[in-house]
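Below, each chain spelled out in residue letters.
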Amino acid sequence: MTGGGSGREGGRALKTRVKTARKRSLASTLWLERQLNDPYVAQARREGYRSRAAYKLLEIDERYKVLKAGQRIVDLGAAPGGWSQVAAAKTGSRDGKGRVIAIDLLEMNAVEGVEFRRVDFHDADAPDRLRAWLGGLADGVLSDMAANATGHRKTDQLRIAGLVELAAEFASDVLAPGGFFLAKVLQGGA
Ligand SMILES: C[S@@+](CC[C@H](N)C(=O)[O-])C[C@H]1O[C@@H](n2cnc3c(N)ncnc32)[C@H](O)[C@@H]1O
């Protein structure tokens, strides 16, 4: 690693550069460099969010006001847990008002007010299991799902779009009338 961390010189931020390493792919090196220079990553660390993604959901919710106290929310692709933290705070699930069920292929450390299930949402019985866990239907389904990035933007964009289409089907199986589906896609041709 080179450079001066996130320090500033004469009002200009110094960029941290990461040297390529034999065991690290170029995509990983560039990801690491972006992480080290990303102000949202630093803010998330300071404010106790598991990921910078938390700010995306906070911004969307500030604009569209979808998350409300007492709702039952499903968070697809939840790990490491930034969106789940926001959903728990907004629904009041930490105080027993709503419910947040977080689903991911990967393990996730516990988040207060969030019930985590390690599941592939593609599983044919996933909607049935979700309804059983909730004891009914959900008020909102969130999806920040993404497959491992290839670094090829068009490919990654298509893969996320595919996940979102399936997530929308999942949502239509588990949402109560009037419920909402909110998903992240990468901007691109498709
Ligand atoms: C960008 S991360 C989510 C970040 C998270 N929203 C946050 O705020 O911390 C995308 C997640 O989607 C998960 N994912 C991808 N495919 C999945 C699938 N088929 N079922 C469940 N989770 C999946 C990945 O394991 C990964 O943890």
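Cut-offs used in this document
Residues numbered from 1 in each chain as written. Predicted model: local features only at pLDDT ≥ 70, side-chain atom pairs only at ≥ 80, totals over all residues. Heavy atoms only, no water. Near = heavy atom within 4 Å. Polar contact = N/O pair within 3.5 Å; in protein donor to acceptor, adjacent residues only side chain to side chain. Areas by Shrake-Rupley, 256 points an atom, 1.4 Å probe, with all protein chains shown as cover. Nonpolar A, V, L, I, M, F, W, Y, C, P; charged D, E, K, R; others polar. Phe/Tyr/Trp six-rings, centres within 6.5 Å; stacked < 30°, edge-to-face > 60°. Buried < 20%, exposed > 50% of the residue type's maximum accessible area, 1.4 Å probe, protein only. Helix = DSSP H or I, 4+ residues; strand = E, 2+ residues; numbered from the N terminus. Domains from an automatic or database assignment. Pairing = 2+ DSSP bridges. Right-handed = clockwise from strand over helix to strand, strands pointing away. Contact = heavy atoms within 4.5 Å.

**Regarding the site of the ligand**
Here is step 1 of the chain: Taken together, the neighbourhood of the ligand is formed by 19 residues, with S51, W83, D104, D120 and D144 sitting nearest.
Here is step 2 of the chain: Contact between the ligand and P80: an oxygen atom at 3.5 Å from a main-chain N or O atom of the residue.
Here is step 3 of the chain: Interatomic distance of 3.3 Å between a backbone N/O atom of L105 and a nitrogen atom of the ligand.
Here is step 4 of the chain: Within the complex, the protein chains bury 87% of what would otherwise be the 600 Å² of accessible surface of the ligand.
Here is step 5 of the chain: Its residues assigned to classes, the shell around the ligand shows 11 nonpolar, five polar and three charged.

**Some points on the packing of aromatic side chains**
Here is step 1 of the chain: Here the structure, examined in full by the defined rule, presents three aromatic pairs.
Here is step 2 of the chain: Ring centres of Y49 and Y55 lie 5.4 Å apart, and the angle between their planes is 80°; on these two criteria the pair is classed as edge-to-face.
Here is step 3 of the chain: Given a relative accessible area of 24%, Y49 falls into the partly exposed group.
Here is step 4 of the chain: Look at F121 and F170: their rings are 6.1 Å apart centre to centre, the planes differ by 70°, and that puts the pair in the edge-to-face class. You can see F121 sitting in the loop between β5 (115–118) and α5 (126–134) and its partner F170 sitting in helix α6 (residues 153–174), a full 49 residues away along the chain.

**Regarding the domain arrangement of the protein chain**
Here is step 1 of the chain: Splitting the protein chain by domain gives domain 1 (8–37) and domain 2 (53–183).
Here is step 2 of the chain: Taking the mean C-alpha position of each, domain 1 and domain 2 sit 31 Å from one another.

**Concerning helix α2 (residues 39–47)**
Here is step 1 of the chain: Two or three places before Y40, at the start of α2, stands the capping residue D38, its side-chain oxygen 2.7 Å from that residue's backbone nitrogen.
Here is step 2 of the chain: At the exit of α2 stands G48, carrying a positive phi of roughly 80°.

**Some details on the pairing of strand β6 (residues 138–143)**
Here is step 1 of the chain: Counting buried positions over the six residues of β6 gives five, a clear majority of the element.
Here is step 2 of the chain: Pairing between strand β3 (residues 72–76) and β6: four bridges, direction parallel. Its bridge partner being in β6, D75 is matched across the sheet by L142.
Here is step 3 of the chain: Read as a crossover between parallel neighbours, the route from β6 over α6 to strand β7 (residues 175–183) is right-handed.

**So, helix α4 (residues 82–91)**
Here is step 1 of the chain: Buried residues dominate α4, accounting for eight of its 10 residues.
Here is step 2 of the chain: Listed as buried for α4 are G82, W83, S84, Q85, V86, A87, A88 and T91.
Here is step 3 of the chain: In the core, the buried residues of α4 are packed alongside α3 (53–64), β3, β4 (99–104), β6 and β7.
Here is step 4 of the chain: Among the residues trailing α4, G92 stands out with phi positive, at a value near 85°.

**So, unusual backbone geometry**
Here is step 1 of the chain: The omega torsion across A79 and P80 is 5°, close enough to zero to call that bond cis.
Here is step 2 of the chain: Tracing the sequence through the fold places P80 in the loop between β3 and α4.
Here is step 3 of the chain: Even without being a glycine, K65 presents a positive backbone phi close to 50°.
Here is step 4 of the chain: Residue placement: K65 occurs in the loop between α3 and β3.

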